[in-house]
Amino acid sequence: MGDVAAHVGVSRQLVSLVMRGQPGPSDESRRRVREAAEELGYRPHTAAQLLRRTRSRQIGVLFNMDQPHNVELVESLYACAQDVGYGIALSANVPSRDERQAIEELLGLRSEALILTGPSSGPLPELGRVAEQVPVVQVSRSAPVPGADLVRTSEAPGMSSAIGYLADLGHRDIVHVDGGSALEAEERRRGYRDAMRRHGLAECARELPGAFTEESGARAARELLAQEVLPTAVVTANDRCARGLLDVFVRAGVRVPRDVSVIGYDDSRPAHLSFLDLTSVRQDSAQLAELAVQAVTERLDGGRTRAKEFAITPTLTVRGTSGPARAAE
């Protein structure tokens, strides 16, 4: 920083103000300082800046890279945090290290609060102790943490909207490929059963075991193809599962949606692609991110101490993989 100041012929304090985006320097001074910094290869030492602050204003985010929905959520968290003057520190949950290591890394980066996203690897008793020290916000997580806030999607209404839409189109034989043991999967499974019962289709309800992966959808599709008659519609636990199912159906010559309608869950970016054009239950990543950051600021800046739950209601986005039920054969 001293080199930049000497190069421009200004004080070190003025360079510091420019680099931190603080008011005071003129536009011309800012331009000259930034040009000199670029020429000399100067970059502010972020870690050192954090150490000098009384507060880091950093939010640590644990995320999972497997699910497109979680990646979209992280993108939205950056924007929401910036709007309220906070930064984001990321730590990925990957097979090569456990969740404890990832969380310790975020705390080591002076995170003032933690936002935990994606499926959890199981209950972590020590997270309850962490929640006593810093605010912890869980976003659609399956292992509750005592004292932590929860931001989630109300899964049952999402599944209800999908079943109601199909029932209105004349579908009766509607199969659900579930998401396994995850909490979200259980809630979606329960929502499917309740919706089928409300529409007088309880005797038609069928569930196939699955997971939040393409292979689980492909496996379910092969199982359905081996049966004498295909259902008129399939609702999957998430979009990845729907993609695997569609791939096998298309290769087998099944016409979607003429022969079978397919609906996913999440409305992730791949669902929007023209060659997929997947009807899907939409979880609003931007709204989830906004609520998660709101939970953090209510704790850190507003003084709230009691745990709180935030929930959003999903909606159905209709695209090309769904339509009226085929005529009875």
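Everything that follows concerns the structure shown earlier in this document.
Residues numbered from 1 in each chain as written. Predicted model: local features only at pLDDT ≥ 70, side-chain atom pairs only at ≥ 80, totals over all residues. Heavy atoms only, no water.

Caption draft 1: Broad picture of the overall build of the protein chain. Broken down by element type, the protein chain carries 13 helices and twelve strands. Here the contacts in the protein chain between residues at least 6 apart in sequence split such that 68% fall between residues at least 24 apart. As displayed, the protein chain offers around 15,700 Å² of accessible surface, 51% of which is attributable to carbon and sulfur atoms. In the protein chain, which carries 40 positive and 44 negative side-chain charges, the distance between the mean positions of the two groups comes to 4 Å. (Helix = DSSP H or I, 4+ residues; strand = E, 2+ residues; numbered from the N terminus. Contact = heavy atoms within 4.5 Å. Areas by Shrake-Rupley, 256 points an atom, 1.4 Å probe, with all protein chains shown as cover. Lys, Arg positive; Asp, Glu negative; His and termini not counted. Charge placed at Lys NZ, Arg CZ, Asp CG, Glu CD.)

Caption draft 2: Region of the structure containing the nonpolar core. In terms of nonpolar packing, the biggest core is built from 25 residues, with I59, V61, L77, I115 and V151 touching the most fellow members. Counting residues per element, this core draws most heavily on helix α13 (residues 285–300), at seven residues. Every residue in contact with I59, bar those within four places of it in the chain, is listed here: A81, Y86, G87, I88, A89, S111, A113, I115 and V296. (Core = buried A, V, L, I, M, F, W, Y, C linked by side-chain atoms within 4.5 Å. Buried < 20%, exposed > 50% of the residue type's maximum accessible area, 1.4 Å probe, protein only.)

Caption draft 3: Structural context of the packing of helix α2 (residues 12–19) against helix α3 (residues 27–40). The contact between α2 and α3 brings their axes to 10 Å, and the two run at 90°. Taken together, the axis directions place α2 and α3 in an arrangement best described as roughly perpendicular. The residues of α3 that touch α2, namely those facing L14, V15, L17, V18 and M19, are S29, R30, V33, R34 and A37. The residue makeup of the contact of α2 with α3, split by class, is seven nonpolar, one polar and two charged. (Axes fitted to C-alpha atoms, helices over the stretch in contact; angles between N-to-C directions. Parallel < 35°, antiparallel > 145°, perpendicular 65-115°, else oblique. Nonpolar A, V, L, I, M, F, W, Y, C, P; charged D, E, K, R; others polar.)

Caption draft 4: Summary view of the pattern of salt bridges. Taken as a whole, this structure holds 25 salt bridges when the rule is applied. Linking E28 and R31 is a salt bridge whose minimum nitrogen-to-oxygen distance equals 2.4 Å. Here E28 pairs with R31, and both are found in helix α3, just three residues apart, close to one helical turn. Of the residues examined, R31 reaches a relative accessible area of 38% and is grouped as partly exposed. (Salt bridge = Lys/Arg side-chain N within 4 Å of Asp/Glu carboxyl O.)

Functional significance is not addressed by these values, which are geometric in nature.
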